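# Close look at the chain arrangement
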Amino acid sequence: MTVPWLSIAIFTPLVGAVLTMLAGRRQIGRVVSLIASVVPLGIGAGVLARTPGIDDFVLKESIAWVSTDSLTITYTMALDGLSAPLFALTALLVAAAILFSWEETKRPLSFFALLLVLETSVLGVFAALDLFVFYVFWEFVLIPMFFLIAIWGGAHRRYAATKFFVYTFLASLVMLLGFMGMYFGLPDGVPATFNFLELQQYTAGFSVELQILLFVALLVGFAVKMPVVPVHTWLPWAHVEAPTAGSVLLAGVLLKMGAYGLIRFAIGAFPFAAVKLAPLLLVIGIVSILYAALVCLAQNDLKRMVAFSSISHMGVAMLGIATLNEIGFMGAIYMLIAHGLLSPLAFMMCGSIQHGWGTREIDKLGGIMQKTPTMGTFTMAAFIGSLGFPGFAGFIAEIAVLVGTYQAFGWIVIFPLLGVVLTAGYYIWAIQRALHGELTAEHADSAHEMPFYETAAVGVLTFFAIVYGVWPALLTEHINPFVEGLLSTVGVI
Amino acid sequence: MAVELATWWYVALSGTLFAIGTWGLMNRDNAIMILMSIELLLNAANINFAAFSAAHGAQDGFTFALFSIAIAAGEAAVGLAIFVNLFRLQDSVDVSKATLLRG
Amino acid sequence: MVMEYAWLIPALPLAAFVLVTLFGSRLPERGGYISAGAIVASGALAVYTAWESWGRLTESFRGEHGHWGEAFTWTFQDALGTAWLEAGNFVFDLGVYLDSITAWLLGAVGILTAGIALYSIGYIRPEKEGYHLDDGSPIHVDGRQRYYAALALFVGSMLGFVLGSNLLEMFVFWELMGLCSYLLIGFWYAKPSAAAAAKKAFLVTRVGDVFFLGGLVTLAVIFGDAVGSAVALDLSTLLDTATIEAVAAAHPTALGLSVLGLFLGAVGKSAQLPLHVWLPDAMEGPTTVSALIHAATMVKAGVFLVARFFPLFDAVPWVLYTVAVVGAVTAFVAATMAVVNYDIKRVLAFSTISQLGYMFMGLGVGAAVAGGFAAGLFHLLNHAFFKALLFLCAGAVGFALHNYDMRDFGGLKEYMPITAWTMLAATLAISGIPPFSGFFSKDELLAEAFLAGKEHALFYGVWALALVTAGLTAYYMFRLWFMTFLGDYRGDHEEELADGTWHMNLVLGVFAVFTLVTGFAVFFASDNLLFHHALEVTPAKLVTSWKTYLSLGVAGAGIALAWTRYGPDNVEDHLTPVGEETGAEGVMIDRYYVTEAYYKATDAIVLGLARLFDAFDTHVVDWSVDAIGRFNDWMGRVGSRWQTGRVSDYATWILSGLLAFVVIVVYILRYTIGRGI
């Protein structure tokens, strides 16, 4: 009798959420929630630690859930080279977010419980291999996130939470239509099912028009989630108004869900459509990179700047996907992990700066490194890592995507290279204006350094960002087999 | 012995009554007047039923008219009960003042 | 064999970096001894390794085997079984590549970094930095841990760059060097000018790096097509003449542009025109940093890059011509800016830019004449030592006086003899006076350039610029020395004037010896490819050529002119007080306003676009999203107007609807029954 480790990993945080709500006191509740959030991390890390790399599905569980004449849904969950790193990343980020919010005073038990519910949902998204189950987890993610923003957020939290919810929900409905199209589009004689592993064998045989139509439907849902320009405007609001833990998870994993879905489901099911629409993805990717980078330069709020830089980085991921070659894809997936470590790090530093100095606005800061050097150093690390500097994981991703771009599209690589310069521009300029120079920040006398729990959370993320920048083989050994498998399907066309 | 009127006379009468009843339903403010208009509508329909029933020599129309009269009586009773309550609420039976349930 | 352990050379300082970053605050001298110790040990190993690989070349300059000859390579794959980064078919590995050219720079870097690390122990003191509480008391911040950590990281990266066996590895270390440069220029980050200088350095070199990156990416793909992606960026692939010829035939434009990209990266890193603007400002950092990073090692990385990949450059000669021209023009223009400046460090910075131009000139001349290449590298070696020495001497003066404006100097020879005489040695070297090292390399370079003129008239122009620049160099360097050390002391701090600590003086002395010794390498380096085979102008020819005496004459004229204007009797008449620089002098002091032009352009174009896109994003894109929501709102409002709450209105609607329904049904019935359906 095999132990269903995967389901245990996915649902432990949910159980933890219930226990946290029952804990009564914040001191107990936060410890309970931290423990519950770390269980999936242990399982995910165990999966990643195996060598050689994961080349097939591991921890697979499959139970027939609904089997009627008209509807067949299975509960099929597994991890592979694409989802295992994202799975572990999710758990790590939730743990770090809980740690960062250790001293939360406003309804702390609810706060931690919501983070755990969110963890369960996202873990389910990454592990699900049945379209229906995937969709349920996908939509369920919106609920805790909505409350996190709407209750613990900033001044415009109601507006931001509503916009986030409605915008992504609408897009997901289009995606659902795509899923239903896949379900009903199966040829006669084949038992209808939502199980993706079985669907995948037939979807490549759909008619060309249907393939493209369904690919576009799925793309709508995933593109809004990633997000890419021009469907990105919910993100600055959501990120800026969310509490730090919320932004951490929003940037760290929710955005990755979109790219994950695009890679696994859209491209996995419709490789022909992917090849046909690659130029569209290319344009979307490049526009996202450059547009968002330029907007970043004009920002005065540090958190809003980091939010737009998330859009820019997901543009790089989209570009990597558009290349449809092994190195580009590897770079795109690596970017998901790298950005998933560095962007939360940057948001945490924005949160620290807000706590320590009372503001996030660059023109109200200035020279804060003098009084809060630890905060300044980690902020510099976050920004320098985010701009794709060697030594951090982001560099590996960017170099791979750039090589892939040249290989697939030639001179077009000039555009992402321009993005590299612009990214360096806004980050280094922000460092100079906010951290260096004379101490012109307001309220300097009441400013204080990062408390130990913030430093711990930030330190963990920095550590992993550097580890995966210095020793990329740790991840590529899992990603490469997946990419090879996926692209051999595409190559077949 | 009985004077045999052509059917169209009855239809014309029925139509006229129906039109008056409709107009009254749409334009009258007084609840009792609306109720009377509804009675007119019902009676117009009844006349129509009777006329065609007689014209075809069937009983169905008469039967239906009987049912209709009974129901009209019941509906008038219920309607009056509602209007009595309305009067208690706003001291008048003017329906143009009863607009609490609006969008 | 020691070469098996060559990987330790960069590894030791990198390990020291990690230790000092994590634990430095608890260690003596804040980790200074760890850093310096690791750097010295690594330097010793580097020198020994260089010695071992010195004679490794058995082929001639453009050899039959197409390599530089034998090289020793070692990679992670060899040692650990897996490569560093595998992505698809591409494999990028970290490793060590040792040949004659590596040896050339390795020994020099090892000695320089060891010396400057030792000098730092004496020079770097705990600093009080900017922030003042309301009552005026300063916050005491000790920057030593940061300094020694960044120093160790830099040395590790520089050595890793020199030893790199893969272009991507070299790029990674290239960037890490840039990071250390950024951190160390902004060492006194509380000072706005230092913070701005650090930002400028980072961004300007980033522009160059992006061209480098473009070239790297292109090379990976085109070489990958030729020999398989697994070895696409390995040096043994990129330096193999047969492979290069195949790629040049298949992708001529791509190859040319990517090589140009590599050169543009070098232009940024080595501060050549037009990306030179960061180096003078980089003088905001501590002088040891200026000596090490901005004179002796990092800025040479660009030269080394071109030298390392010379077979690639050789395949696209037009790039080498560009290199030569850029070098010559930069050398001249930078020298003109040094001629009028009063800040001792800035004069040396312009001088560095100028001398780097010489080196690029030499490499560019190598397109026509093999000896140019050798002369360029030879000058690199010599310059590293005498420029480091010049900066360290300037540092000693600054250590005593806390001031770098030469108008406040004068007569320091009496108070700081060691500094004065060692600096004189370096000044003579840079001016190209025998028997100091600079004479040999500079004149060799000029001679080779003139020889190259026969191949392509362009090089006569290069030679002429180089000659004029030599004169300017002698002039401004002796102007500097005279103003600082001769005459009467013009400042106020007489009691503090003294030579530095023993660490500093020891290093000054050793480097001074080197400025004499390295010149004679030309006679003794018979085993090394560069001199045994490459030099067209042998030492014998050098001594007898008229060009040598011409350049000596030009240099002498420069020194004489400096004496007449800035010698002890006349100097007071020629000092323009602060703020009153006008006319031609003013333009040159302001560096021809290049930086201002860059700022204005960036502000107008880049920030202008940024503000435009931001406004577009908020008022067009986001507005239309909100517009959908507002539309729904509007529809709701319109719809609710029909909900009057009046029974009569509802009755009207019901009746109308009923009527419409009846009409439609009648029509449908007529249609269907009429057609007999």
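Rules behind the numbers
- Residues numbered from 1 in each chain as written.
- Chains lettered and ligands numbered in written order.
- Predicted model: local features only at pLDDT ≥ 70, side-chain atom pairs only at ≥ 80, totals over all residues.
- Helix = DSSP H or I, 4+ residues; strand = E, 2+ residues; numbered from the N terminus.
- Buried ≥ 20, exposed ≤ 12 C-beta atoms within 10 Å, placed from the backbone.
- Rg over C-alpha atoms; globule rule 2.2 N^0.38 Å.
- Contact = placed C-beta atoms within 7 Å.
- Nonpolar A, V, L, I, M, F, W, Y, C, P; charged D, E, K, R; others polar.
- Core = buried A, V, L, I, M, F, W, Y, C linked by C-beta atoms within 7 Å.
- Pairing = 2+ DSSP bridges.
- Expected span 1.5 Å × (residues − 1).

Helix and strand content of chain C: 28 helices and six strands. Counting over 677 residues, chain C shows a buried share of 55%.

Time to look at the overall build of chain B. Scanning chain B for helices and strands turns up three helices and zero strands. Ordered by position from the N terminus, the helices and strands of chain B form the series α-α-α. The C-alpha radius of gyration computed for chain B amounts to 17 Å, which surpasses the reference 13 Å derived for 103 residues by more than 25%, pointing to a less compact arrangement than a globule. Overall, the C-alpha framework of chain B stretches about 55 × 30 × 25 Å when taken along its three principal axes. Per-residue burial over chain B gives 17% buried out of 103 residues. Sequence-distant contacts in chain B: of pairs separated by 6 or more residues, those separated by 24 or more amount to 46%.

Cis peptide bonds are those with omega within 30 degrees of zero, and the linkage from L273 of chain C to P274 of chain C qualifies with -5°. The peptide bond linking P434 of chain C to P435 of chain C adopts the cis configuration, its omega dihedral lying at 0°. Relative to the helices and strands, P435 of chain C is located in the loop between α18 (417-431) and α19 (437-452). At L59 of chain A, a position not held by glycine, the phi torsion is positive, near 55°. Following the sequence through the fold, L59 of chain A ends up in strand β1 (residues 58-67). Phi angles above zero are rare outside glycine, and R107 of chain A is one such case at about 45°.

Moving on, we come to the interface of chain B and chain C. Listed per partner, the contact involves twelve residues of chain B and ten residues of chain C. Class assignment of the residues belonging to the side of chain B that touches chain C gives a composition of six nonpolar, five polar and one charged.

On the side of chain A, 46 residues touch chain C, which itself brings 47 residues to the contact. Secondary structure elements with two or more residues in the side of chain C that touches chain A: β2 (85-87), β5 (128-132), α6 (167-185), α7 (192-227) and α27 (594-641) of chain C. For the side of chain C that touches chain A, the leading source of residues is α7 of chain C, giving 15 residues.

This brings us to the nonpolar core. The biggest cluster of nonpolar side chains holds 443 residues, and the ones touching the most others in it are A388 and A466 of chain C. For this core, the leading source of residues is helix α17 (residues 370-401) of chain C, giving 21 residues. If we skip the residues at most four places from it in the chain, A388 of chain C touches L112, I116, A291, A295, A296 and F511 of chain C. Counting nine residues, the second largest nonpolar core, distinct from the first, contains L25, I34, L41 and A44 of chain B.

Comparison of the two pairs of chains in contact shows the highest number of contacts for chains A and C. Contact between chain A and chain B is absent, and the minimum C-alpha spacing across the pair is 24 Å.

We now examine the pairing of strand β4 (residues 95-98) of chain C. Residues and elements named next belong to chain C. Side chains G95 and Y97 project from β4 onto one buried face, and the interleaved V96 and L98 project onto a second face that is buried too. Summarising the sheet, strand β1 (residues 72-75) and β4 pair through four bridges and their orientation is antiparallel. Paired with T75 across the bridge in β4 is G95.

Residue and element names in this part refer to chain A. Under the 1.5 Å per step criterion, the end-to-end length of helix α16 (residues 393-409) is 24 Å for 17 residues, consistent within 8% with the ideal 24 Å. A large share of α16 lies buried, amounting to 16 of its 17 residues. G410, located one to two residues past α16, shows a positive phi value of around 70°.

Turning to the environment of H402 of chain C, a few remarks are in order. Residues and elements named next belong to chain C. Examined against the element boundaries, H402 turns out to sit in the loop between α17 and α18. For H402, a count of 9 C-beta atoms within 10 Å puts it in the exposed group. Along the sequence, H402 and H493 sit 91 residues apart, while their C-alpha atoms lie 9.7 Å from each other.

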